[in-house]
Amino acid sequence: MKKIKKRGAVYGVIALLLCVAVYLNWSYVDAPEELLVAEQAGADSEETAGTTEGEDYFATSRLTREQARDEAVSTLKELSESEEADQTAKDEAAAQISALAEDSVAEANIESMIRAKGYEDAVVMIGDESVNVVVAAPEGGLQATDVTVIKDIVVSETDATAGQIKIVEAS
């Protein structure tokens, strides 16, 4: 009976961690609207210390994404190395660590490919059921062709369908 309760607790912890990771990914997608308001207020300001507010947004988003992922991996690693966890929970934790690593590599590849296509910067967040892309807006804003190019890149690098991809413009 104790073994069943421990297994349930382990699965509960894993589910909670996944929910936290999904929430953090989701919450970062809403940040561009806040960024747009902040940039409109300071649109006339000059560059400070070699970076613009938009560049700060992308750097901050990447850093926050990596910190959240590192925290999740650390917790999953503790679980996979725990003597109290059963083998199924350990295997599931190892699989989730592997999936997070694959997502991290895919995000970096997609960001690089988007920049290679001529866009100033982008940050990508891969979730369980979606891929969110925030792109620095080119002059004139994102056009339908831009969205198609970015979606093609994401589809080629992930298992996501075009309907699972959300592209947000950060100006």
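Quantities reported herein were computed from a predicted structural model and do not represent experimental measurements.

## Digging into the sheet that holds strand E3 (residues 165-170)
- Within the open sheet, the 3 strands sit side by side as E1-E2-E3. Their pairing is mixed. Here the strands that pair on one side only, and so sit at the sheet edges, are strand E1 (122-126) and E3. Ignoring strand direction, the axes of neighbouring strands in this sheet form an average angle of 15 degrees.
- The sheet contacts of helix H4 (residues 87-116) involve E1 and strand E2 (131-136), and relative to E1 the element is tilted by about 150 degrees.
- Of the strands in this sheet, E2 and E3 are in contact with helix H5 (residues 144-157), which crosses E3 at around 130 degrees.

## A word on the packing of aromatic side chains
- Applying the stated criterion across every chain, the model contains 1 aromatic pair.
- On the basis of an interplanar angle of 75 degrees and a centroid distance of 5.3 Å, the ring pair of Tyr57 and Phe58 is categorised as edge-to-face. Accessibility classification places Tyr57 together with Phe58 in one group, the buried group.

## A short note on H4
- Between the first and last C-alpha of H4 there are 43 Å, a value that for 30 residues agrees with the 44 Å anticipated at 1.5 Å per step.
- Turning to H4, its buried residues are Ala89, Ala93, Gln96, Leu100, Ala106, Glu107, Ile110, Glu111 and Ile114.
- Two residues or fewer after H4 comes Gly118, characterised by a positive phi angle close to 105 degrees.

## Considerations on the side chain of Arg69
- The residue Arg69 is located in helix H3 (residues 53-81) in this model.
- You can call Arg69 buried: its relative accessible area is 9%.
- At 2.7 Å, the side chain of Arg69 and the side chain of Glu107 are in polar contact.

Thresholds applied
- Residues numbered from 1 in each chain as written.
- Predicted model: local features only at pLDDT ≥ 70, side-chain atom pairs only at ≥ 80, totals over all residues.
- Heavy atoms only, no water.
- Pairing = 2+ DSSP bridges.
- Helix = DSSP H or I, 4+ residues; strand = E, 2+ residues; numbered from the N terminus.
- Axes fitted to C-alpha atoms, helices over the stretch in contact; angles between N-to-C directions.
- Contact = heavy atoms within 4.5 Å.
- Phe/Tyr/Trp six-rings, centres within 6.5 Å; stacked < 30°, edge-to-face > 60°.
- Buried < 20%, exposed > 50% of the residue type's maximum accessible area, 1.4 Å probe, protein only.
- Expected span 1.5 Å × (residues − 1).
- Polar contact = N/O pair within 3.5 Å; in protein donor to acceptor, adjacent residues only side chain to side chain.

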